[in-house]
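These are the residues of each chain, in order.
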Amino acid sequence: MASLKDISKACGVSVATVSKALNNHTDIGEETKAHIKKVAKEMGYSPNLSARALKTSKTYGIGVLFADDSRSGLTHDYFSGVLDSFKRTAEESGYDITFINSCKNRPDRMSYLEHSRYRGFDGVVLACIDFDNPEVAELVQSNIPVVTIDYVFNNRIAVMSDNVTGMRTLLEYVYSMGHRRIAYIHGAPSAVTTSRVSSFYRTAETLGIMTPDEYIKETAYRDANGAYRMTNELLDLPIPPTCIFYPDDFAAFGGINAIRERKLRIPEDISVAGYDGIRAARNLEPQLTTVQQDTEQIGCKAAKALIDLIERPRTTIIEQIVVPGNLIKGKSVADIS
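In this text the structure is predicted, and so the values were computed from the model without any measurement.

**Student:** Is there a simple way to explain the packing of helix α1 (residues 4-11) against helix α3 (residues 30-42) in this structure?
**Tutor:** When two helices pack together, their arrangement is given by the angle between the helix axes and the distance between those axes. The contact between α1 and α3 brings their axes to 10 Å, and the two run at 120 degrees. Of the possible angle classes, the one that applies to α1 and α3 is oblique. Seen from above, α1 lies across α3 with right-handed handedness. Residues I7, A10 and C11 of α1 form the contact with α3, whose own contacting residues are H35, I36, V39 and A40. Of the residues assigned to the contact of α1 with α3, the class counts are six nonpolar, one polar and no charged.

Put into structure tokens, the structure is as follows:
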């Protein structure tokens, strides 16, 4: 395998210049940098990661702690988009990402912190995990740089979708379409659920909407079967709602099935709205009214914040980064005004 010295001879420059070019230093001209990288690639040069780690005290590795209770894994529409954006942004900055082992049945399993230290991660991102797990708390309280997605810890950077504004915008739109009997099947307790439910009640109060207790139901996120059951309970009420909100677009599919089994039409007989803006919802007929979360920006900002924390810990501000979503009006909410 070619060495830096071999490349320097081939290019007619010093070893220091080759090293700077391969590490994208700004004091090397772009033309020279491109030429050196081209020659290095042609000669089959590959950096020695162990030597690089010793020299820089960094492994250029980032851990991803992701454990989805619904076991949808990377088919999870929302988090797959977030993590794809996170991965691309991290790789553009020279970092590799590795998933932290979350399988509880392995006899040789290490804790999240042990695994992170064993791998030598420079930092860790936490997404869709049981944040009440003592192992998570142990990792967050360690000296490893950590960024969380959709959850807030004290003294840790968090990247959040703007659930408060998203829910307010959705409810205001449905209200503008003439609806006053609006039910909400929300997700299981979490920071996200708390923000959305509080925003729902606050906006309803501002608009003068009375929301009876029987109009508020709970099911797990991405639980189409649970949404199916809750929808049937709402439709069996003496005075059923004219519009039903669901915790997410995937769960809304279960509610839509319950409605259609009763030979009811959407939106002529009853209106529905989801949350997330997943691709499948855009292809639904009628197109689902929903709030599209900006997974591209959430993942990108989380990666940049974590890399800043790794590379510039003294100047990186510990803050909550809120990313706005976008209302997709769709065609599943009827104008009954």
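Back to the text.
**Student:** I keep staring at the sheet that holds strand β2 (residues 96-99) and nothing clicks. Help me out?
**Tutor:** Paired through their backbone hydrogen bonds, the strands of a sheet run either parallel or antiparallel. Pairing in this open sheet of six strands is parallel, and the strands run β2-β1-β3-β4-β5-β11 from one edge to the other. The sheet is open, and its two edges are formed by β2 and β11 (320-323), each paired on a single side. Between one strand axis and the next, the sheet turns by 20 degrees as a mean value, whatever way the strands run. Taken together, the four bridges between strand β3 (residues 123-127) and strand β4 (residues 146-149) define a ladder with parallel strand orientation. Paired with V125 across the two strands is V147, which belongs to β4. Helix α13 (residues 295-311) contacts β1 (61-66), β3, β4, β5 (157-161) and β11 of the sheet and is inclined by roughly 165 degrees relative to β4.

**Student:** Help me understand the pairing of β11, please; the structure alone is not making it clear to me.
**Tutor:** Each regular strand carries side chains that alternate between the two faces of the sheet. Residues of β11 alternate between two faces, with I321 and V323 buried on one and Q320 and V322 left unburied on the opposite face. Direction of pairing for β5 relative to β11: parallel, over a ladder of four bridges. The partner of V159 across the bridge, within β11, is I321.

**Student:** Even after reading the chapter, I still don't get the sheet that holds strand β9 (residues 271-273), so can you show me in this structure?
**Tutor:** Overall, parallel pairing links the four strands, which are arranged β7-β6-β8-β9 in an open sheet. Edge strands, defined here as strands with exactly one partner in the open sheet, are β7 (216-218) and β9. When strand polarity is set aside, the average angle formed by the axes of neighbouring strands in this sheet is 20 degrees. Alignment of strand β6 (residues 182-186) against strand β8 (residues 243-245), held across three bridges, turns out to be parallel. By the bridge assignment for β8, Y184 is matched with F245. Most of the contacts of helix α8 (residues 163-176) go to β8, to which it runs at about 175 degrees, and overall it touches β6, β8 and β9.

**Student:** I tried to follow the pattern of salt bridges on my own but got confused; where do I start?
**Tutor:** Side-chain pairs of opposite charge can arise whenever the charged atoms involved come near each other. Within this structure, the stated rule accounts for 13 salt bridges. Ionic pairing is found between K20 and D27, a salt bridge with its closest N-O pair at 3.0 Å. Take K20: its relative accessible area is 30%, and that puts it in the partly exposed class. Here R88 makes a salt bridge to E296, at a shortest N to O gap of 2.8 Å. Taken together, the residues R88 in helix α5 (residues 77-92) and E296 in helix α13 connect sequence positions 208 residues apart. Assessed through its relative accessible area of 33%, R88 is described here as partly exposed. Ionic contacts of the salt-bridge type, sharing partners, join the residues D84, R88 and E296 into one network.

**Student:** Which parts of the structure should I look at to understand helix α10 (residues 224-235)?
**Tutor:** Think of an α-helix as turning once every 3.6 residues; residues three or four places apart then point the same way. With 12 residues, α10 should cover 16 Å at 1.5 Å per step; its first-to-last C-alpha distance of 16 Å lies within 8% of that length. Within α10, the full set of buried residues consists of G226, A227, M230, T231, N232, L234 and L235. Two or three places before N225, at the opening of α10, D223 has a side-chain oxygen 3.2 Å from that residue's backbone nitrogen.

**Student:** Looking at this structure, how should I read the side chain of T290?
**Tutor:** By secondary structure assignment, the location of T290 is in strand β10 (residues 290-292). A residue is classified by how much of its surface remains accessible, and T290, at 2% relative accessible area, is buried. A polar contact of 3.1 Å, which involves the side chain of T290, links it to the backbone nitrogen of Y275.

**Student:** How should I be thinking about the nonpolar core in this particular structure?
**Tutor:** Here is a general trend for soluble globular proteins: nonpolar side chains tend to be buried in one another's company. Of all hydrophobic cores here, the largest spans 28 residues; its most connected members are I62, F86 and I149. The element contributing the most residues to this core is α13, with eight residues. In this view, I62 contacts F86, A90, Y95, D96, I97, T98, F121, G123, L306, I307 and I310; residues no more than four positions away in its chain are not counted. Membership of the second largest hydrophobic core comes to 21 residues, among which are Y215, L235, L237 and I278.

How each quantity is defined
Residues numbered from 1 in each chain as written. Predicted model: local features only at pLDDT ≥ 70, side-chain atom pairs only at ≥ 80, totals over all residues. Heavy atoms only, no water. Axes fitted to C-alpha atoms, helices over the stretch in contact; angles between N-to-C directions. Helix = DSSP H or I, 4+ residues; strand = E, 2+ residues; numbered from the N terminus. Parallel < 35°, antiparallel > 145°, perpendicular 65-115°, else oblique. Left-handed = near helix turned anticlockwise from the far one by under 90°. Contact = heavy atoms within 4.5 Å. Nonpolar A, V, L, I, M, F, W, Y, C, P; charged D, E, K, R; others polar. Pairing = 2+ DSSP bridges. Buried < 20%, exposed > 50% of the residue type's maximum accessible area, 1.4 Å probe, protein only. Salt bridge = Lys/Arg side-chain N within 4 Å of Asp/Glu carboxyl O. Expected span 1.5 Å × (residues − 1). Polar contact = N/O pair within 3.5 Å; in protein donor to acceptor, adjacent residues only side chain to side chain. Core = buried A, V, L, I, M, F, W, Y, C linked by side-chain atoms within 4.5 Å.

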